[in-house]
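# Descriptive structure summary
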Amino acid sequence: MVRFFQIDTTFRILFAFLLLLIIRLPAFGTLEVLNPQMGWFLVGERIHQGYQLYTETWENISPLSATVFWILHSIFGKSPLAHQILATLLVLLQAYMFNHILKRYQIFSERTLVPMLVYGVLMTSFMDFLVLSPALIANTFLLFIMRYIFMQISEKRRYNGVFEIGAYLGISTLFYLPSFWFLLVPALSFALYTDTKFRDYILMFLAFFFTLGVAFLGFYMVDAEYDFYLSFFYPLFLFRIYFYVPFFEILLIFALPITIFVLSILAITIKGVTNYQNRCQTIMIIWVLVGVVAIFGGNKISAFSFMPLLIGLSFLVSQYFMYARTYWLREMLFIGIFANACFFSYMHLYQIRIHIPLAWADMADFEWQIDTKKLITKENIPYKYTTGKKIIILGESLGNYHKASLATPYLDWQMAQRHFANLDKYNIIIEIHKNFQKNMPDVIIDEKKFVPKLFAAIPVLAQKYQKSTQYPQLYIRKTP
């Protein structure tokens, strides 16, 4: 299989596209809505309804990603299928870009399609890779950064791209905040392999901060600069991380690609490779190491947090497949990353479990499946109570928003703690009451048991709701 894609022809490009499409096709229309995805849907819906981001919609999302989800909601509404199709098209585009950059700058000695296929497969590693996410969008601009880095260290370079690197990093950060860590990649790469002057580093950082400054100015002009800071930047300093999937299980998803990465590092000395190609290899190792740090740059972590890292990982995995001498091992591992992606992407969808019989050891049989309880939306209460209504959920599970709309700004529960964890403060109580008055919920779903404290603090609010006898966490607004 590696041998077939080692040759770059139009026919093989089309075949690679078809193969990457086929492995994502079973999820179209069948994949359940994910909790982070529902949050992105609601942000788009709120902006479409005329509510301002950050001030009237509390969610830790980058502003450009929020703009994308607003546009998509205006066109498609809450359509998971539309987002899956767009995610697939974007992955195909990025895979082609990735392969074209490596070919254009002669990173490998051969004109090959292996990097395109490896990138496309690794970007299908888990169910949250199959939906459109801020991390996926940001990868487009990180690929541009990779291009300019290779251009900068090339021995034949005639163009200084430090300004573009800073600007694209700023744009990428405005799509997905942890992208800012990748400033370290060009900075370290240029220090190691070029004679880049100090003023060029200053220019790169100025371009980065200028891009962020334009966004800050936009919110300043609508008196929302402090809310922008609190929602976008401040969570970085709280060190509160919410795992949608247990971190050990995320590592298990990427165990095979990481193993191939290690094999590539062990075989780091390759005959016939130029000094320039060795430099590119080292830079991609730096990229992976920075990507590991960037995983923890967000306050919500799932498999999609690995997306920026996969650019460097795809490079080094492709390198192993290109230069490995053991033919059978190379082919087995190449097929293995396909099987790995398909298995973990569809493990939950088709209820696949790893089953190990232990009856011979007088033990109960062992069954295991990736824990997706926090990742996949589920209804807290039957949809009949919330369909078509304005609701608020005090908790992390966003399932009931699927057929309802958000009332009040309190979307992100971690951010909502700024108010609900301080119900003993008078000014906070006033703010909560104002937010409820502006957009009164028809239904309150109290996962965290905060409503009794809330009603005790705001008795006038308590008079408007009746607690359900069947569902203790459900409060329904009384008919006026």
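Everything in this summary refers to the structure shown in the same document. Keep in mind that this is a model prediction, so the values were computed, not measured.

## A short note on the layout of surface pockets
By volume, the largest pocket is sized at about 490 Å³. Taken together, 28 residues make up the lining of the largest pocket; nearest its centre are Asn60, Pro178, Gly297, Gly298 and Asn299. At the level of secondary structure, the elements contributing two or more residues to the lining of the largest pocket comprise helix H3 (35-48) and helix H7 (134-153). Here the lining of the largest pocket is composed, by residue class, of 20 nonpolar, five polar and three charged.

## Things to note about empty space enclosed by the protein
Evaluated as defined, the whole model comprises four cavities of 30 Å³ or more. The space that makes up the largest cavity amounts to roughly 150 Å³. Secondary-structure elements contributing two or more residues to the lining of the largest cavity are H3 and helix H17 (413-420). The leading source of residues in the lining of the largest cavity is H3, at three residues. Along the lines of polarity and charge, the residues of the lining of the largest cavity split into six nonpolar, four polar and four charged.

## Some points on the packing of aromatic side chains
A full pass over the atoms with the stated rule returns 42 aromatic pairs. Taken together, a centroid distance of 4.7 Å and an interplanar angle of 15 degrees make the contact between Phe254 and Phe306 stacked. With Phe254 in the loop between helix H12 (247-253) and helix H13 (255-266) and Phe306 in the loop between strand S2 (300-301) and helix H15 (309-323), the pair connects residues that are 52 residues apart, well separated along the chain. Using a relative accessible area of 4% as the deciding quantity, one classes Phe306 as buried. Aromatic ring contacts, followed pair by pair, group Tyr54, Phe216, Phe219, Phe228, Phe232 and Phe233 into a single cluster. Over the ring of Tyr105 we find Arg104, and its NZ or CZ is 5.0 Å from the ring centre. Against the face of Trp58 rests Arg418, its NZ or CZ located 4.2 Å from the ring centre.

Basis of the calculations
- Residues numbered from 1 in each chain as written.
- Predicted model: local features only at pLDDT ≥ 70, side-chain atom pairs only at ≥ 80, totals over all residues.
- Heavy atoms only, no water.
- 1 Å grid on protein atoms, 1.4 Å probe; cavity = no way out; pocket = protein on both sides within 12 Å on 5 of 7 lines; lining within 4 Å.
- Points joined across faces, edges and corners; volume = space filled by probe spheres on them.
- Helix = DSSP H or I, 4+ residues; strand = E, 2+ residues; numbered from the N terminus.
- Nonpolar A, V, L, I, M, F, W, Y, C, P; charged D, E, K, R; others polar.
- Phe/Tyr/Trp six-rings, centres within 6.5 Å; stacked < 30°, edge-to-face > 60°.
- Buried < 20%, exposed > 50% of the residue type's maximum accessible area, 1.4 Å probe, protein only.
- Lys NZ or Arg CZ within 6 Å of the ring centre and 35° of its normal.

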